[in-house]
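Read off the chains here:
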Amino acid sequence: MVDNIAPDQARTALDAADRARRQVAEEVGLPRGYWWAMAAGWAVLGVLDDLLPSWVAVIATLCFGAGHSFLASRLLSGRRRTDRLQVSAAVAGHRIPLVVVGMLVGLVAVTVLAALAVDADGARHAGIWAGLLVAAVVGFGGPEILRVLRRWVRA
């Protein structure tokens with residue numbers, strides 16, 4: 001134990017530790033493969049919805065949701081940034097799953113609105129185009145979108 005530490009030295013050390021914790025927490029996220037798997041699933045659902053009977057698309061959507069739930073239970077804590085870094089749940093933050101779920105709900109809304117817009121324009125296969133659009137957004141921009149949303153909600 002350290003004796004005779006001045007209060008200002010203690011405050012400086014605690015501030016440095018808090019800055020380091022926040023810096024690590026900002027690096028926490030979901031692996032890039034998660035976002036590309038999500039994008040692939042989104043594109044496949046767009047194709048299935050457009051080309052197959054509605055009941056098949058509903059079952060596929062439910063299977064996709066169940067698969068995502070299984071994967072999410074392992075990844076959405078955000079605690080594994082790389083195979084060399086694992087932080088505690090307290091550092092990772094408990095809001096990350098809520099932010100990701102909110103993001104997915106928003107992406108569903110974008111998909112529906114895009115499909116309606118493409119369909120209103122008279123284009124064929126509106127579901128495919130909307131699914132591919134959102135798949136591209138998820139695959140290329142998922143981590144960045146999550147980072148911005150986490151900053152907005154201070155997660």
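Above: the structure in question.
Predicted, not measured: the structure shown is a model, and the values here were computed from it. (Residues numbered from 1 in each chain as written. Predicted model: local features only at pLDDT ≥ 70, side-chain atom pairs only at ≥ 80, totals over all residues. Heavy atoms only, no water.)

Caption draft 1: Molecular detail of the pattern of salt bridges. This structure, assessed with the given rule, holds 1 salt bridge. Between Arg32 and Glu144 there is a salt bridge, with its nearest N and O atoms 3.7 Å apart. One end of the pair, Arg32, is in helix α2 (residues 32–51); the other, Glu144, is in helix α6 (residues 126–153), and 112 residues separate them in sequence. The partly exposed category is assigned to Arg32, whose relative accessible area is 37%. Relative accessible area serves as the criterion here: at 34%, Glu144 is assigned to the partly exposed category. (Salt bridge = Lys/Arg side-chain N within 4 Å of Asp/Glu carboxyl O. Helix = DSSP H or I, 4+ residues; strand = E, 2+ residues; numbered from the N terminus. Buried < 20%, exposed > 50% of the residue type's maximum accessible area, 1.4 Å probe, protein only.)

Caption draft 2: Quick look at the side chain of Thr111. By secondary structure assignment, the location of Thr111 is in helix α5 (residues 96–120). Within the structure, the side chain of Thr111 is placed 2.8 Å from the backbone oxygen of Leu107, a separation counted as a polar contact. (Polar contact = N/O pair within 3.5 Å; in protein donor to acceptor, adjacent residues only side chain to side chain.)

Caption draft 3: Structural detail: the environment of Met103. Its location among the elements puts Met103 in helix α5. Once residues within four sequence positions are removed from consideration, Met103 is found in contact with Trp35, Gly142, Ile145, Leu146 and Leu149. (Contact = heavy atoms within 4.5 Å.)

Caption draft 4: Looking closely at unusual backbone geometry. Here His125, not a glycine, exhibits a phi torsion of approximately 60°, which is positive. Using a relative accessible area of 32% as the deciding quantity, one classes His125 as partly exposed.

Caption draft 5: Quick look at the packing of aromatic side chains. Enumeration according to the criterion identifies 2 aromatic pairs in this entry. Their ring planes at 90° and their centres at 4.9 Å tell us that Tyr34 and Trp35 sit as a pair that is edge-to-face. Overall, Tyr34 belongs to the buried group, its relative accessible area being 3%. Pairing Trp36 with Phe140 gives two aromatic rings, centres 4.9 Å apart and planes at 85°, and the pair type is edge-to-face. In this pair, Trp36 sits in helix α2 while Phe140 sits in helix α6, placing the two residues 104 residues apart along the sequence. Its relative accessible area of 59% is what places Phe140 among the exposed residues. (Phe/Tyr/Trp six-rings, centres within 6.5 Å; stacked < 30°, edge-to-face > 60°.)

Caption draft 6: Representation of the packing of α5 against α6. The contact between α5 and α6 brings their axes to 9 Å, and the two run at 150°. Relative to α6, the element α5 is oriented roughly antiparallel. Along this stretch, α5 crosses α6, giving a crossing that reads as right-handed. (Axes fitted to C-alpha atoms, helices over the stretch in contact; angles between N-to-C directions. Parallel < 35°, antiparallel > 145°, perpendicular 65-115°, else oblique. Left-handed = near helix turned anticlockwise from the far one by under 90°.)

By themselves, these are just geometric observations and shouldn't be taken as functional.
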